[in-house]
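# Summary of the model geometry
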Amino acid sequence: MNVVTIKINGIEYNLKGDEREEYLHMVASYVDKKIKNIMGKNEKLSTSSAAILTAINLGDDMFKSSSLCKELSNKEETLAKHDKELTLQLDGLKKQLNHMEDYNQELLNKCKNVEKTDYVKTLEQENIEMQQQLEALRETSKNSSDENRKIKVENKEMKFKLQSYKYKIIDSQNKLIEYQISLAKQKKINNPLLATRKK
């Protein structure tokens, strides 16, 4: 466990945490700037009042980040579902395409083995129609593949954003705890009864 001495609004505190020392200093610096910003806007505020306002602001940030994280998580689930549907649709199109190709080959083989009668001409016409359908299926399959690829890229980006917001929420929670510790220490310093007991 790391023990780090930090300074918030001119007062030194000892922080203990499993996080890296650089991280604890970064959190302390962030808290210091926030509390100085609030006190700078209203110089009559006491340190404890400024700490409470700062804690409220951080709580607001945390809840907003949590809400956005949930929204992104829901969007990720929707995209994953859509991705699955597209994949199933693509698989179905591929099966249909294979079936059409087999049937087309079968018709071509029949055409080679028989004379050109009305039946053969009908088969040739049917073959042309099948080839047109085959081309249409290939185009649809290509479009589905492209859309599927785009969804996967978007899904990956959403996962990255979701992870980023989760880290922000954890940071906000850690900062809120630090504010509560800071507030308790400040109350202890400012409370004349506790000060008398020490004497």
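Structure: above.
Report on the accompanying structure.

Conventions we followed
Residues numbered from 1 in each chain as written. Predicted model: local features only at pLDDT ≥ 70, side-chain atom pairs only at ≥ 80, totals over all residues. Heavy atoms only, no water. Helix = DSSP H or I, 4+ residues; strand = E, 2+ residues; numbered from the N terminus. Buried < 20%, exposed > 50% of the residue type's maximum accessible area, 1.4 Å probe, protein only. Pairing = 2+ DSSP bridges. Expected span 1.5 Å × (residues − 1). Patch = residues over 30% accessible without salt bridge, like charges linked within 9 Å, V, L, I, M, F, W, Y side chains within 5 Å. Areas by Shrake-Rupley, 256 points an atom, 1.4 Å probe, with all protein chains shown as cover. Salt bridge = Lys/Arg side-chain N within 4 Å of Asp/Glu carboxyl O. Core = buried A, V, L, I, M, F, W, Y, C linked by side-chain atoms within 4.5 Å. Contact = heavy atoms within 4.5 Å. Phe/Tyr/Trp six-rings, centres within 6.5 Å; stacked < 30°, edge-to-face > 60°. Lys NZ or Arg CZ within 6 Å of the ring centre and 35° of its normal.

### Some thoughts on unusual backbone geometry
- Positive phi outside glycine occurs at Asn 9, with the angle close to 55 degrees.
- As for its placement among the helices and strands, Asn 9 is situated in the loop between strand 1 (2-8) and strand 2 (11-17).
- For Asn 9, a relative accessible area of 23% gives the class partly exposed.

### What to know about the pairing of strand 1
- Bridge count between strand 1 and strand 2: seven bridges; the pairing is antiparallel. Residue Thr 5 lies in a different strand from strand 2, and its bridge partner there is Asn 14.
- Between strand 1 and strand 2, which follow one another and run antiparallel, lie two residues, and Asn 9 among them has a positive phi close to 55 degrees.

### Considerations on helix 1 (residues 21-41)
- Between its first and last C-alpha atoms helix 1 spans 31 Å; for 21 residues at 1.5 Å apiece the expected length is 30 Å, and the two agree.
- Within helix 1 the residues assigned to the buried category are Tyr 23, Leu 24, Val 27, Ala 28, Val 31, Asp 32, Ile 35, Ile 38 and Met 39.

### Structural notes on a nonpolar patch on the surface
- On the surface, Ile 52, Leu 53 and Ile 56 cluster together into a nonpolar patch covering about 250 Å² of accessible area.
- Following the sequence through the fold, Ile 56 ends up in helix 2 (residues 47-113).
- Residue classification places Ile 56 among the exposed positions, given a relative accessible area of 52%.

### Description of the nonpolar core
- Counting 21 residues, the largest nonpolar core has Ile 6, Ile 8, Val 31, Ile 35, Ala 50 and Tyr 179 as its most contacted members.
- Of all the secondary-structure elements, those providing two or more residues to this core are strand 1, strand 2, helix 1, helix 2 and helix 3 (118-190).
- With eight residues, helix 1 is the largest single contributor of residues to this core.
- With residues up to four places along the chain from it excluded, the contact list for Ile 6 reads Ile 11, Glu 12, Tyr 13, Leu 15, Leu 24, His 25 and Ala 28.

### Quick word on the packing of aromatic side chains
- For the coordinates displayed, the defined rule picks out zero aromatic pairs.
- Taking NZ or CZ as reference, Lys 175 lies 3.5 Å from the ring centre of Tyr 30, over its face.

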